[in-house]
Amino acid sequence: MVSFVTEKKQNLNLLSRIASGDGHGENSSYFDGWKAYEENPFHPIDRPDGVIQMGLAENQLCGDVMRKWVLKHPEASICTEQGLNGFSDIAIFQDYHGLPEFRQAVAKFMEKTRNNRVKFDPDRIVMSGGATGAHETVAFCLANPGDGFLVPTPYYPGFDRDLRWRTGVNLVPVTCHSSDGFKITVEALEAAYEKARESNIPVKGLLMTNPSNPLGTTLDRECLKSLVKFTNEKKIHLIADEIYAATTFGQSEFISVAEVIEEIEDCNRDLIHIVYSLSKDMGLPGFRVGIVYSYNDRVVQIARKMSSFGLVSSQTQHLIAKMLSDEDFVDEFIRESKLRLAARHAELTTGLDGLGIGWLKAEAGLFLWMDLRNLLKTATFDSETELWRVIIHQVKLNVSPGGSFHCHEPGWFRVCFANMDHKTMETALERIRVFTSQLEEETKPMASTTMMAKKKKKCWQSNLRLSFNDKRRFDDGFFSPHSPVPPSPLVRAQT
Amino acid sequence: MKQLSTKVTSNAHGQDSSYFLGWEEYEKNPYDETKNPNGIIQMGLAENQLCFDLIETWLAKNPDAAGLKKDGQSIFKELALFQDYHGLPEFKKALAEFMEEIRGNRVTFDPSKIVLAAGSTSANETLMFCLAEPGDAFLLPTPYYPGFDRDLKWRTGAEIVPIHCSSSNGFQITESALQQAYQQAQKLDLKVKGILVTNPSNPLGTMLTRRELNLLVDFVSSKNIHLISDEIYSGTVFGFEQFVSVMDVLKDKNLENTEVSKRVHVVYSLSKDLGLPGFRVGAIYSNDEMVVSAATKMSSFGLVSSQTQYLLSALLSDKKFTSTYLDENKKRLKIRQKQLVSGLEAAGVTSLKSNAGLFCWVDMRHLLDTNTFEAELELWKKIVYEVKLNISPGSSCHCTEPGWFRVCFANMSEDTLDLAMKRLKEYVESTDSRRMISKSSHERIKSLRKRTVSNWVFRVSWTDRVPDER
C-alpha cells in the first residue's frame, strides 16, 4: 500500500503541474449530472425512466434540413464519385490560412447571421479547434500568465478551462444581479477592475458572450457601446464570444460588436476580437469549426500561426465551403432553425408557466434560465446543490445548477431544450409537473420581485419537505464546483 | 506592444527561420509544368503524394464510408454531433491496429491508451504541456525538424537542449553526446524532463538502430525522465531493414508494464504514412494513465473532425487495403528515393544512406566556399534563387556541421524530380567550371573526387562497422 502511494507520488512529480492539477475543471461535481445521464440515459423505448439530458447546449433541431442538403450535394464530399477529383488536393492541404473558399463562405455566413448589417473580411478569419481552441488561442495572444480577463457572471463553465488551464491567465468575475435583470453595468465592471488591481492581477481584457450562455439574452446596443467604451478607455481588449449569433428567435435581434464599433468615433479596433464557431448555429460540434476574428493585424498573424495546433480538417473545410456558399440553403436553414427554436422554447416555457415556474425572459440560445429560488430550503448554494441532486436523481433531468456558472445568487438552473425531440420535451415537462405537484404547498413570501415574464405564482413552503422517499445521502457542505451563476445580464420585461 | 502577450511579440514561433523563408519564396514563384516551368520546385515539403490513387480507388469501392453512411443510411447527423474527446471508438481501434501492422504485429497497442490530436503538431505540444513546466528542458538529437522549436517551446515555455550528432558516425546518437547534453542542461540550470527523438528521423531519413534505442531507454530509466518517440514516419520505411519501434525495445528488454514503460510515449500521425496532412490526424500513445487522462482533456483544444474519424476508421479497418497500401507505399518510396540519389550522384553530390522518410540528407559541404554557416546560407540562396529548388538548409534543422541539406522527393512527379536533378547538375557543373578557372583544375578535380570517394568509402564501411543488433 505504502509503496503504491509513494509510486503514485513519484509519478505525480514526473508530470507537469498543469497535467496533475485540477485546472481542467472536470473534477467539479457539475459532471455528476453528466455521469448520472451516462449511466442511465433516457430513451423513449429502451429506457423510458432514464435521465433526460437537459445539460447539453446542442442545436439538434435542423438535422434533417442539413442531411437533405448533404445527400443532394455529393460533390461537397471529396470522397464520393462526384467529389473524388478533389480528394488529393484537399488531403494534402494543410496551409494554416485555410481554404480561401472556406474563409469566404464563413465570412458570408457571419454576415448573414448579423442580417448583413456588417461586412467581415475573409482574410481576418483564422481557424481554431472549435470555440474551445479559439478562446485558448486568444488568451495566449492577449495575456501573459498571471494576467486577468474580466468575465460577467453567469458564464459558461468551460471558460475556466479554456482561458486559464494551460495559459495561466486568471478570470475575474463581473458580478451581475437578477434584481436588474443580470445587466452588465459599468459599476460592476469598474468594481471588478478595481478588485483585480487590488489583487495585483493586471487586467488585459473583458470577455463577454453575446447572446449569453447561460442566460439566452442578447445585449442591446447601448450596453454593447458601453462595453466598447469601457474597454477602450481602460486600453484593454474586448473579446466577444458570438457563437450563438444565429440562435435568436422571436422579437429579439442580435447586434454584433462588429456593428457597434462602426458607430463609435475613435474606436481602437486593435482591441476588438470575435470568437465564432459553427457548433451552435449550424449544429455541427463534431466538425470542430472554430474561428478567431480579430481587428488587430498582429493578433490575426500570430493566431494564424497558433492555429497549427488546431486546424480545421481540410475535408471539413471543403464541405463547409460548399454548404455555406449555397445561399439559398443558408437562408432556409437559418429561417427554419429560428422557427424551430422558437417553437421548442415556447413549448418549454408554456409548460413551466403552467406549473408556476419562473424563467428569465430571453429569446436566444439553446437553453432557458430557470428560476427555482423559491424551491430552495435556504437561499444558499448548499440548498441549490441539494435541489439539483433531487432533480437529477429523482426527477431524472440533467439540468445545470447556477453555481456551476458562477452565478451570484443560488436557485437558478440552465435547462437546454434544443437537443431533444418533441416527445422527450413532453416527457421532461410531465416529470417536472409530477415533481412540483408532490411538493407541499405553504404560504411563503416571495424572496424578491424581479423583472420576469408573467407567470402563475404559487407560494412555496420555506422549509420545503419532499414528500417522496429519498434515501440518498446528500453531500454535506458540498459546494457546487460551478461557482454561483450570476443573474442574467439584460432582462427586459415585455410588459 | 504591451497590449499583446510576449508570445505574440517574440519570435518564438520560429517562423523567421530560413526553413520557412524558403517556403515563402516558393509561394511567390511556384513551379508548374505548364504554367510556370521556370518556377521554384518545392523540395522542402515532406509530403507523401505517391499513393493517392490507392486511397481514391478504395473510396470508389466503398460508397458508404465515402458518403458518411452506415449500411446505406446517412449518419451525418450523428457524426455532426459527435464531439466526445475520447474519439470514435472504431477509429481508435483501427488506428491501434494500423500502428501494430506497421510494426509487423510484434507489439500491441491498446486503443484506450490512444489520445487523438489535431496532427502531430498538436500531439507534441500537448505532451509538452503534460510533461514539462515552463523552463524545463527536453533533449533532442540534432539535426531535428525545425517545427519542434515552435511545437515544443512556443506556448509551453519548455526548452530544447541539443544532443549533438555528427557526420563522423552517420549522425547516430552516442552515449557521450547524450551525457554531454544532459550536463549542458544542468549547466544552464534547466531541469531535464525527457528526451524526444524522431524515428525514423526527420531530416536524416534513417532509422534509429537498436543500439541507440537501448541506449535511450537505459538513459531515461537511470535518470528517471521521459522518452518521447515521434514515429510519424514509421510507415515510410522502404529499406530492407525492419522498423524497430521503441515499443519493440521495451518488449525485448522485458520492460513492458514497468515504471519505465510509463515514461515512454509514442507520437503518431497519418500525415506522412497515408499522405493526409490536411485531415489533421495525430495521436499520442502513452502507458501512463495520468498522461492519457490529462492529454485527453487537452485534446478539446484540437479534436479530430468526426467526419474525418469516420472515414478513416472505415479505411483503416479494411485490412486488405492497409496491407496493400503499406506494401505499395514502400515500393514507390524506394523507387523515388533511388531516382533522387542517382540524380544527386550524377551531379557529384552524395547523401546519407537512407532507408526511410520522404527526403534525403544531402551532403553539399564540397560546394561551400568556406566551412561556415554563412557559406551554407549563401549556397542555399543560390539554390533557391538560381537553381530554383527549395531545399532546407541544415542550419534550420540545428545541424552542427554546415553544408547539409534536406531534399524531399515524395511530393512531386517523376518528371519534376528529373528536372530538379537536371537543374542541380547544371548548377554544379557551372560552379565547378567557374572554380576551375580560379583554382588549378587538376587540384580541384582531385580534391572533389577524394571527398566524393571518401564519403562513399565512409558510408559503406560505416554500415559494416555498426551492425544491426536485431
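Keep in mind that what you see is a predicted model, and the values were worked out from it rather than measured.

Observations concerning the domain arrangement of chain B
Residues and elements named next belong to chain B.
Part 1 of the argument: For chain B, the assigned domains are domain 1 (6–50 + 330–427) and domain 2 (53–322).
Part 2 of the argument: The gap between the C-alpha centroids of domain 1 and domain 2 is 25 Å.
Part 3 of the argument: Domain 1 puts 34 residues into the contact, and the matching count from domain 2 is 36 residues.
Part 4 of the argument: When the two sides are added together, the surface that domain 1 and domain 2 hide from each other amounts to roughly 3000 Å², 60% of it contributed by carbon and sulfur.
Part 5 of the argument: Three residues stand out in domain 1 for area buried against domain 2, namely K7, N355 and H398, and they jointly supply 19% of the buried area on that side.
Part 6 of the argument: One can count one salt bridge joining domain 1 with domain 2.
Part 7 of the argument: Put simply, the parts of the chain that give the side of domain 1 that touches domain 2 at least two residues each are α15 (319–346), β12 (359–363) and β15 (404–408).
Part 8 of the argument: Among the elements that take part in the side of domain 1 that touches domain 2, α15 stands out by supplying five residues, more than any other.
Part 9 of the argument: Each residue belonging to the side of domain 1 that touches domain 2 can be placed in one class, and the counts come to 15 nonpolar, ten polar and nine charged.

Description of the nonpolar core
Part 1 of the argument: In this structure, B:M43 and B:I195 are the most contacted members of the largest nonpolar core, which totals 312 residues.
Part 2 of the argument: With residues up to four places along the chain from it excluded, the contact list for B:M43 reads B:L340, B:L389, B:N390, B:I391, B:R406, B:V407, B:C408, B:M412, B:L417, B:A420 and B:M421.

Observations concerning the interface of chain A and chain B
Part 1 of the argument: Counting residues at the interface gives 74 residues for chain A, matched by 72 residues for chain B.
Part 2 of the argument: When the buried surface of chain A facing chain B is broken down by residue, A:L14, A:R166 and A:F309 rank first, second and third, together holding 13% of it.
Part 3 of the argument: Linking chain A to chain B there are two salt bridges.
Part 4 of the argument: A:R17 is the partner of B:E133 in a salt bridge, and the nearest nitrogen-oxygen pair spans 3.7 Å.
Part 5 of the argument: Counting the contacts that link chain A with chain B gives 20 residue pairs in polar contact (both at pLDDT 80 or more).
Part 6 of the argument: Elements with a contribution of two residues or more to the side of chain A that touches chain B: α1 (2–14), α2 (17–20), α4 (63–72), α5 (87–91), α7 (130–142), α8 (158–162), α12 (297–306) and α13 (314–325) of chain A.
Part 7 of the argument: At seven residues, α7(A) tops the list of elements feeding residues into the side of chain A that touches chain B.
Part 8 of the argument: Within the side of chain A that touches chain B, the residues separate by chemical class into 34 nonpolar, 26 polar and 14 charged.

Looking at the environment of B:L88
Residues and elements named next belong to chain B.
Part 1 of the argument: Mapping L88 onto the fold places it in the loop between α5 (76–81) and α6 (89–102).
Part 2 of the argument: A C-alpha to C-alpha distance of 6.7 Å links L88 and Q309, two positions 221 residues apart in sequence.
Part 3 of the argument: In this structure, L88 is in contact with L79, F82, Q309 and Y310, ignoring residues within four places of it in sequence.

Looking at a negative patch on the surface
Part 1 of the argument: Among the surface-exposed residues, B:E33, B:E414, B:D415 and B:D418 lie close enough to one another that they form a single negatively charged patch.
Part 2 of the argument: Among the secondary structure elements, B:E414 is positioned in helix α17 (residues 414–438).

What to know about helix α14 (residues 327–354) of chain A
Residues and elements named next belong to chain A.
Part 1 of the argument: The terminal C-alpha atoms of α14 lie 40 Å apart, and with 28 residues this matches the ideal 40 Å at 1.5 Å per residue to within 8%.
Part 2 of the argument: Within α14 the residues assigned to the buried category are F329, V330, F333, I334, S337, L341, R344, H345, E347, L348, T349 and L352.
Part 3 of the argument: Directly beyond the C-terminal end of α14, a positive phi value near 75 degrees is found at G356.

Here's the deal with the pattern of salt bridges
Residue and element names in this part refer to chain A.
Part 1 of the argument: Inspection of the entire model under this criterion finds 48 salt bridges over all chains.
Part 2 of the argument: The partner of K234 in a salt bridge is E190, and the shortest N-O contact between them spans 3.0 Å. With K234 in helix α10 (residues 221–234) and E190 in helix α9 (residues 186–198), the pair connects residues that are 44 residues apart, well separated along the chain.
Part 3 of the argument: A residue is classified by how much of its surface remains accessible, and K234, at 24% relative accessible area, is partly exposed.
Part 4 of the argument: Residue class for E190 comes out partly exposed when judged on its relative accessible area of 33%.

A few points about the packing of helix α3 (residues 30–39) of chain A against helix α15 (residues 381–395) of chain A
All names here are of chain A.
Part 1 of the argument: Taken N-terminus to C-terminus, the directions of α3 and α15 make an angle of 10 degrees; their axes are 10 Å apart at the nearest point. Classed by the angle they form, the pair α3 and α15 counts as roughly parallel. Together, Y30, D32, G33 and A36 of α3 and W388, R389, I392 and H393 of α15 make up the contact between the two elements.
Part 2 of the argument: Class assignment of the residues belonging to the contact of α3 with α15 gives a composition of four nonpolar, two polar and two charged.

What to know about the sheet that holds β12(B)
Residue and element names in this part refer to chain B.
Part 1 of the argument: With respect to topology, four strands assemble into an open sheet ordered β11-β12-β15-β14, the strand pairing being antiparallel. Unpaired on one side and paired on the other, β11 (350–351) and β14 (392–393) mark the two borders of the sheet.
Part 2 of the argument: Bridge count for β14 against β15 is two bridges, and the pairing is antiparallel. Opposite S392, over in β15, you have R406 as the bridge partner.
Part 3 of the argument: Those strands touched by α15 are β11, β12 and β15, and its axis lies near 15 degrees from that of β12.
Part 4 of the argument: The sheet strands contacting helix α16 (residues 373–385) are β14 and β15, and the helix crosses β15 at an angle near 30 degrees.

Brief notes about the environment of A:R298
Part 1 of the argument: Structurally, A:R298 can be placed in helix α12.
Part 2 of the argument: Counting along the chain gives 157 residues from A:R298 to A:C141, while the straight-line C-alpha distance between them is 9.4 Å.

Some points on the packing of aromatic side chains
Part 1 of the argument: Within this structure, the stated rule accounts for 26 aromatic pairs over all chains.
Part 2 of the argument: Judged by centre distance (5.2 Å) and plane angle (80 degrees), the ring pair of B:Y233 and B:F359 falls under edge-to-face. Within this pair, whereas B:Y233 is found in the loop between β8 (226–230) and α11 (246–252), its partner B:F359 is found in strand β12, the two being separated by 126 residues in sequence.
Part 3 of the argument: Residue classification places B:F359 among the buried positions, given a relative accessible area of 0%.
Part 4 of the argument: Between A:K234 and the ring centre of A:Y193, over which it is positioned, the NZ or CZ distance is 4.9 Å.

Considering the domain arrangement of chain A
All names here are of chain A.
Part 1 of the argument: Each assigned domain of chain A is listed with its residue range as follows: domain 1 (22–62 + 332–439) and domain 2 (76–326).
Part 2 of the argument: Using only C-alpha atoms to locate each centre, domain 1 and domain 2 end up separated by 26 Å.
Part 3 of the argument: Taking both sides of the interface into account, the surface hidden between domain 1 and domain 2 amounts to around 2900 Å²; carbon and sulfur atoms contribute 63%.
Part 4 of the argument: On the domain 1 side of the contact with domain 2, E363, F405 and H406 bury the most area, a combined 20% of that side's loss.
Part 5 of the argument: Our count for the domain 1 to domain 2 interface comes out at zero salt bridges.
Part 6 of the argument: For the interface between domain 1 and domain 2, the tally reads 14 residue pairs in polar contact (both at pLDDT 80 or more).

Basis of the calculations
- Residues numbered from 1 in each chain as written.
- Chains lettered and ligands numbered in written order.
- Predicted model: local features only at pLDDT ≥ 70, side-chain atom pairs only at ≥ 80, totals over all residues.
- Heavy atoms only, no water.
- Domains from an automatic or database assignment.
- Contact = heavy atoms within 4.5 Å.
- Buried area = accessible area lost by both parts, 1.4 Å probe.
- Salt bridge = Lys/Arg side-chain N within 4 Å of Asp/Glu carboxyl O.
- Helix = DSSP H or I, 4+ residues; strand = E, 2+ residues; numbered from the N terminus.
- Nonpolar A, V, L, I, M, F, W, Y, C, P; charged D, E, K, R; others polar.
- Core = buried A, V, L, I, M, F, W, Y, C linked by side-chain atoms within 4.5 Å.
- Buried < 20%, exposed > 50% of the residue type's maximum accessible area, 1.4 Å probe, protein only.
- Polar contact = N/O pair within 3.5 Å; in protein donor to acceptor, adjacent residues only side chain to side chain.
- Patch = residues over 30% accessible without salt bridge, like charges linked within 9 Å, V, L, I, M, F, W, Y side chains within 5 Å.
- Areas by Shrake-Rupley, 256 points an atom, 1.4 Å probe, with all protein chains shown as cover.
- Lys, Arg positive; Asp, Glu negative; His and termini not counted.
- Charge placed at Lys NZ, Arg CZ, Asp CG, Glu CD.
- Expected span 1.5 Å × (residues − 1).
- Axes fitted to C-alpha atoms, helices over the stretch in contact; angles between N-to-C directions.
- Parallel < 35°, antiparallel > 145°, perpendicular 65-115°, else oblique.
- Pairing = 2+ DSSP bridges.
- Phe/Tyr/Trp six-rings, centres within 6.5 Å; stacked < 30°, edge-to-face > 60°.
- Lys NZ or Arg CZ within 6 Å of the ring centre and 35° of its normal.

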